[in-house]
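If you want the building blocks of each chain, they are given just below.
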Amino acid sequence: MIPKETVDLILDTARVEEVIGDFVTLKRRGSSYVACCPFHNEKTPSFHVTPSKGIYKCFGCGKAGSAVGFVMEYEHMTYPEALRYLAKKYNIEVQEEEESAEQIAARQRSESLLAVSEFARKFFSDQLQGGEGRAVGYQYYRKRNILDATIEKWSLGWAPSGKTTLVDAARAAGYKDEFLLAAGLAIQTEDSSLIDKFRERVMFPIHSVSGRVIAYSGRTLKADNPAKYVNSPETEIYIKSRNLMGIWFAKSEIARQDRCILVEGNVDVVMMHQMGITNVVASCGTSLTEEQVRLIGKFTQNVTIMYDGDKAGLHAAVRAISLILKEGMNPKVVFLPDGDDPDSYSQKHTQEEIRSFIEEHEEDGIAFKTRLLLEEAGEDPLKKANSINEIADTVADIPDAIKRQVYIGTVARQFGIEEDIIQDRVRKTREHNAQNAAKERAHSASANDAFSLAKNRADAPENASFADAPATAATAPELLSNEERILGPSERELLGFILRYGRNELKFETDSEFYDGETPQTVAEFIDSALAADDVHFVNAPYEATYQAYFGLYDEGKAQDDIIRALLNGEDRTVAEVAAQLSTERYELTVHNFSDALTTTDSWLVTYVPRAILVFHDKRVTARQNELTRKLREPNSPEDVIKFMQELGRLTEIKKNINRKLGRLKK
Ligand SMILES: [Zn+2]
């Protein structure tokens, strides 16, 4: 553990523009810097770095934080790793301190999972050397022409047929059941004893980007076993949608060649690498995900999809093309002849033959999709029209305008129609998509939200603003519950007051209903006691986490600036992002006249803070009303119906009351 004084020294020394400047080319603009965002694909810069505040933020994707946050995000480092990185950059010596029991436990848990996974890797490898493993597993690899060197490089192994062979060996070596289960290597039977997850299978380990074995794919050799592959479940160390089979062995070559070849099967990956074609990965037995595409995107923008040429393969390729295009990357496809897959093809050809085959036959992703749809449509005019629309919609997904334009031309030629037809459809689809996205946002941010949606736009490119950005990059709006959506803007507003004016005193007039004696409450205390009175918490997890973190520091007696700094530089990325976004937004009065009448911050806070609390209560009532209305649509007992109706009646009264109060505050 790094001592607190050293952490402070590191955070004080690190200059946000210097740290980010090591990764991204920053252009000066006034007192700040801009760049194309390293976290999302864009052509016009919306990534801003403000040295005076020590923060960065992207108006496009909403990512924001401090220097240490950037390193964590960009380099996928943990908080201590990022601190050590910065210490090294600034030549600050780090004398490690003893860790707390809790820290040791957390680190040990993840280490334990990796350790048991490593134990299993060695176990499965050893099993290949004798007995059943040698006779069955090794023979299989031999038959597939997988060489000993390849077996060793990939740690290919054998899971024996015994029910508890691995479990027994791991226990004997001192590994706890808990970790065998959590690493997905064992499963619990109904009588709660442990058995091996993988039995009688050849084993393909999956390595993380940093080269540790985090999961397995086990293939049965029995023709009658319906489960051809058994894969590791998601675990704390293995998130399927974010890993690619082979990425550890392929990443440097992908970057060097500036191209990645994407295949379907684990054996395909292994065989291509054995052939000497090493920029090859597969999607871990799931269909390709957005996160996997982004992972490739860290190393190259060019992806060649090399799937099977059967119907399922064609379908999967079309899907992959869309995903890759949406990320602003360049998909190509190539299909091997005569029903070959990369494995079987590589058995019959040399590396040079494969390379030249790919070079001669790879086809642009959109051109391929167009050709496929044209073939399917044949002479049917209706089908052809549908195909044109479908391709135009694919083109509409491409983020880059120039690339879109080029494709519109190519596609029109392929269909033999006027460019304008495609152009028109692309424009309409983009408008339609933009409207849908706006509707989605309107859901989560009410139109009369006191935190202005529009005011921040002045310096934000392409009409983006913070208020439009998601609460944190981690929370997509479509994942929010109805309640979270309704309460989001209000919670954001209250939290915004706390993060900007938490220690300002609310000096109510003596005749105000909020007047609370001689000693005025601060904004933070006022909001906290209003919430505590009703025993309510924020329902949006990022806001609640930030709220709790704030008051943890507030209760320690820290000054407002110190609290914000601690939140920005803290370990919790979600909290840091929310703090970065909300603490720097300006509160813009929605009613223009007020800004003339009310001059000092303190004087308008006494109006707007209570108002924000009332709006928050109003939203809570709305959320509850929606819930009750929904319940009433379901089958209910007569007693329940009466109960619900009575509550709805009470809520209506409460709402009226709130609105009366709001009306008074508005005058
Ligand atoms: Zn961005």
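Refer to the structure printed above.
Since we're looking at a predicted model, the values are computed, not measured. (Residues numbered from 1 in each chain as written. Predicted model: local features only at pLDDT ≥ 70, side-chain atom pairs only at ≥ 80, totals over all residues. Heavy atoms only, no water.)

Chemist: Help me out: how do you make sense of the packing of helix α16 (residues 365–377) against helix α17 (residues 381–396) in this one?
Modeler: The relative placement of two packed helices comes down to the angle between their axes together with the axis-to-axis distance. Where α16 meets α17, the closest approach of the two axes is 9 Å, and the angle between their N-to-C directions is 165°. Considering the angle they form, α16 stands roughly antiparallel to α17. Considering how the two elements wind past one another, α16 and α17 form a crossing that is right-handed. Of the residues in α17, those touching α16 at I366, K369, T370, L373, L374, E376 and A377 are K383, K384, S387, E390, I391, T394 and V395. For the contact of α16 with α17, the class distribution of residues is 6 nonpolar, 3 polar and 5 charged. (Axes fitted to C-alpha atoms, helices over the stretch in contact; angles between N-to-C directions. Helix = DSSP H or I, 4+ residues; strand = E, 2+ residues; numbered from the N terminus. Parallel < 35°, antiparallel > 145°, perpendicular 65-115°, else oblique. Left-handed = near helix turned anticlockwise from the far one by under 90°. Contact = heavy atoms within 4.5 Å. Nonpolar A, V, L, I, M, F, W, Y, C, P; charged D, E, K, R; others polar.)

Chemist: Would you mind showing me how to read the coordination of the zinc ion here?
Modeler: Six octahedral donors around a metal ideally subtend angles of 90 or 180 degrees, whereas four tetrahedral donors ideally subtend 109.5 degrees. Bound to the zinc ion are the protein donor atoms C37 (SG), H40 (ND1), C58 (SG) and C61 (SG), situated 2.1 to 2.3 Å from the metal. Considered as a linear motif, the donors of the zinc ion on their single chain read C-x2-H-x17-C-x2-C. Highlighted residues: H40 in the loop between β2 (32–35) and β3 (47–50) and C61 in the loop between β4 (55–58) and β5 (64–66), separated in sequence by 21 residues. According to the relative accessible area criterion, H40 is partly exposed, its value standing at 24%. Using a relative accessible area of 17% as the deciding quantity, one classes C61 as buried. (Donors = N, O, S within 2.8 Å, 3.2 Å for Na, K, Ca; no water. Buried < 20%, exposed > 50% of the residue type's maximum accessible area, 1.4 Å probe, protein only.)

Chemist: Can you help me understand the pairing of β2 in this one?
Modeler: Consecutive side chains of a regular strand alternate in pointing toward one face of the sheet and then the other. Of the two faces of β2, the one holding S32 and V34 and the one holding Y33 and A35 are both buried throughout. Of the strand pairs in this sheet, strand β1 (residues 27–29) and β2 are connected by 3 bridges, and their pairing is antiparallel. Of the residues in β2, the one forming a bridge with R28 is Y33. The antiparallel pairing of β1 with β2 creates a hairpin that spans 2 residues between the two strands, and G30 there sits at a positive phi of about 65°. Direction of pairing for β2 relative to β3: antiparallel, over a ladder of 3 bridges. What sits directly across from V34, in β3, is H48. (Pairing = 2+ DSSP bridges.)

Chemist: How do you make sense of a negative patch on the surface when you look at a structure like this?
Modeler: Negative charge collects at one region of the surface, where E352, E353, E359 and E360 lie side by side. Position of E352 among the secondary structure elements: in helix α15 (residues 351–361). With relative accessibility at 51%, the residue E352 sits in the exposed group. (Patch = residues over 30% accessible without salt bridge, like charges linked within 9 Å, V, L, I, M, F, W, Y side chains within 5 Å. Areas by Shrake-Rupley, 256 points an atom, 1.4 Å probe, with all protein chains shown as cover. Salt bridge = Lys/Arg side-chain N within 4 Å of Asp/Glu carboxyl O. Lys, Arg positive; Asp, Glu negative; His and termini not counted. Charge placed at Lys NZ, Arg CZ, Asp CG, Glu CD.)

Chemist: Before we go on, may I ask you to explain the packing of aromatic side chains in this structure?
Modeler: Both the distance between ring centres and the angle between the ring planes are used here to describe each pair of aromatic rings. On inspection of all chains with the given rule, the structure shows 28 aromatic pairs. Judged by centre distance (5.2 Å) and plane angle (80°), the rings of F124 and Y216 are edge-to-face. Of this pair, F124 sits in helix α5 (residues 101–127) while Y216 sits in strand β10 (residues 213–220), placing them 92 residues apart in sequence. You can call F124 buried: its relative accessible area is 2%. The class for Y216 is buried, based on a relative accessible area of 2%. With 5.5 Å between their ring centres and 50° between their planes, Y345 and F357 make a pair best called tilted. Here the residue Y345 occupies a position in helix α14 (residues 342–348), and F357 occupies one in helix α15, the gap between them amounting to 12 residues. One exposure class covers both Y345 and F357, and it is buried. Taken together, the ring pairs connect F23, F39, F47, Y56, F70, Y74 and Y85 into an aromatic cluster. The ring centre of Y138 lies 3.8 Å from the NZ or CZ of R134, which sits over that ring. Between R503 and the ring centre of Y554, over which it is positioned, the NZ or CZ distance is 3.8 Å. (Phe/Tyr/Trp six-rings, centres within 6.5 Å; stacked < 30°, edge-to-face > 60°. Lys NZ or Arg CZ within 6 Å of the ring centre and 35° of its normal.)

Chemist: What exactly am I supposed to notice about the sheet that holds strand β11 (residues 229–231) here?
Modeler: In sheet architecture, strand pairing relies on hydrogen bonds along the backbone and comes in two forms, parallel and antiparallel. The 4 strands are arranged β6-β9-β10-β11 in an open sheet whose pairing can be described as antiparallel. A single partner strand is all that each edge strand has here, and the edge strands are β6 (157–159) and β11. Taken pair by pair, the neighbouring strands of this sheet meet at an average axis angle of 35°, ignoring direction. Where β6 and strand β9 (residues 201–207) come together, 3 bridges link them in antiparallel fashion. Among the inter-strand pairings, G157 is bridged to a residue of β9, identified as M203. Relative to the sheet, helix α11 (residues 266–275) contacts β9, β10 and β11, its axis offset from that of β9 by approximately 70°.

Chemist: Looking at this structure, I do not really get the sheet that holds strand β13 (residues 280–282). What am I missing?
Modeler: Ordered by their spatial adjacency, 5 strands build an open sheet running β13-β12-β14-β15-β16, and the pairing between neighbours is mixed. Bordering the open sheet on either side are β13 and β16 (363–364), each of which pairs with just one other strand. As paired elements, strand β15 (residues 330–333) and β16 share 2 bridges and run antiparallel to each other. Note on β16: the bridge partner recorded for K332 is D364. Here helix α13 (residues 311–326) sits on the sheet in contact with β14 (302–306) and β15, set at roughly 160° to β15.

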